[in-house]
Amino acid sequence: MTDSGGAIRVEIVRVARLLRERGLAIGTSGNVGARLDDGRIAVTPSTMDYDEMTPDDVVIVEPDGTPSEGRHSPSSELQLHLAVFTARPDVRAIVHSHSPFATTFAAVRREIPAVHYVLALLVEPGRDTIRVAPYATFGTEELARNAVATLGGDQAVLLANHGAIAVAGSLASALGRAERIEELATLAWRAEQLGGATLLDADELDRVRDQMDRFPRQRSTMPT
Ligand SMILES: [Zn+2]
């Protein structure tokens with residue numbers, strides 16, 4: 001993403017619309033953010049219908065949250081985006097969703113286990129679940145702190161009684177990861193109906209990563 005804002009504004013609107021088209025967001029729930037090359041942060045505006053949103057509606061703020069460009073208020077989860085971008089220099093894009101199955105796990109405050117090998121793309125080596133950040137009221141610094149602490153070096157985290165976050169190096173990849181979180185939560189829920197999945201452990205997820213390195217085409221079809 002080499003850009004001072006224009007192309008990223010367009011991409012944020014595209015990804016926000018896809019969030020809803022793909023069933024990951026209902027109404028105006030969820031939000032999308034990206035880091036610009038100059039360090040500023042672009043985010044979706046607060047409570048705006050994704051169908052009505054245009055690239056000019058995207059809000060740009062300084063890394064500390066000071067308004068920079070835009071005619072709207074930023075997403076209510078601006079603190080969350082800023083905290084993740086500050087803590088994770090590798091992250092260029094964040095997709096926050098309230099997707100149904102992932103949010104069900106978040107409501108039960110249950111981690112999403114490794115029911116499928118794609119979980120290897122979403123967690124650090126040594127981990128075998130998508131973890132759940134402790135509950136805090138939406139839009140607060142406490143929620144942002146909890147999310148960053150639980151996310152650690154992972155690419156995905158659930159927010160208790162709230163939703164999920166996917167992070168990545170690009171908006172398209174963050175959207176793909178948000179879909180993977182929902183896919184894993186759906187599989188885990190379905191497996192429960194059949195008595196529960198046989199889970200993969202962290203060692204197997206390491207082998208999956210090695211295989212993906214050996215077969216780049218396989219990885220290229222995955223959100224990385
Ligand atoms: Zn939310």
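Up top you'll find the structure we're talking about.
Residues numbered from 1 in each chain as written. Predicted model: local features only at pLDDT ≥ 70, side-chain atom pairs only at ≥ 80, totals over all residues.

A. Up close: the pairing of strand E5 (residues 93-97). For E5, the buried fraction is high: five of the five residues fall into the buried class. Residues of E5 alternate between two faces, with Ala93, Val95 and Ser97 on one and Ile94 and His96 on the opposite face, all of them buried. Judged from the four bridges that link them, strand E1 (residues 31-35) and E5 form a sheet pairing that is antiparallel. Considered in E5, the bridge of Ala34 is made with Ala93. Where E5 and strand E10 (residues 163-168) come together, five bridges link them in antiparallel fashion. Along E10, the bridge assignment pairs Ala93 with Ala168. (Buried ≥ 20, exposed ≤ 12 C-beta atoms within 10 Å, placed from the backbone. Helix = DSSP H or I, 4+ residues; strand = E, 2+ residues; numbered from the N terminus. Pairing = 2+ DSSP bridges.)

B. Layout of the pairing of E1. When you tally the buried positions in E1, you get five out of five residues, the bulk of the element. Taken together, the three bridges between E1 and strand E2 (residues 41-43) define a ladder with antiparallel strand orientation. Residue pairing across strands places Arg35 opposite Ile41, the latter belonging to E2. Counting the residues between successive antiparallel strands, the hairpin from E1 to E2 contains five residues, one of them, Gly39, with a positive phi of roughly 95°.

C. The environment of Pro100, seen in detail. Tracing the backbone shows Pro100 in helix H3 (residues 100-108). Residue classification places Pro100 among the partly exposed residues on the basis of 15 C-beta atoms within 10 Å.

D. Expanded view of the packing of helix H2 (residues 78-87) against helix H4 (residues 141-151). The contact between H2 and H4 brings their axes to 8 Å, and the two run at 35°. Remark: the crossing between H2 and H4 carries right-handed chirality. The segment H2 lies against H4, with Gln79, Leu80, Ala83, Val84 and Ala87 engaging Glu141, Leu143, Ala144, Arg145, Ala147, Val148 and Leu151. (Axes fitted to C-alpha atoms, helices over the stretch in contact; angles between N-to-C directions. Left-handed = near helix turned anticlockwise from the far one by under 90°. Contact = placed C-beta atoms within 7 Å.)

E. Molecular detail of the sheet that holds strand E4 (residues 67-69). Spatially, the eight strands line up as an open sheet ordered E4-E3-E2-E1-E5-E10-E9-E8, and their pairing is mixed. In the strand order of this sheet, the two ends are held by E4 and strand E8 (132-133), each with one partner. Along the sheet face, H3 touches E8, strand E9 (156-159) and E10 and points at about 115° away from the line of E10. Helix-sheet contacts for H4 involve E8, E9 and E10, and the interaxial angle to E9 is about 140°.

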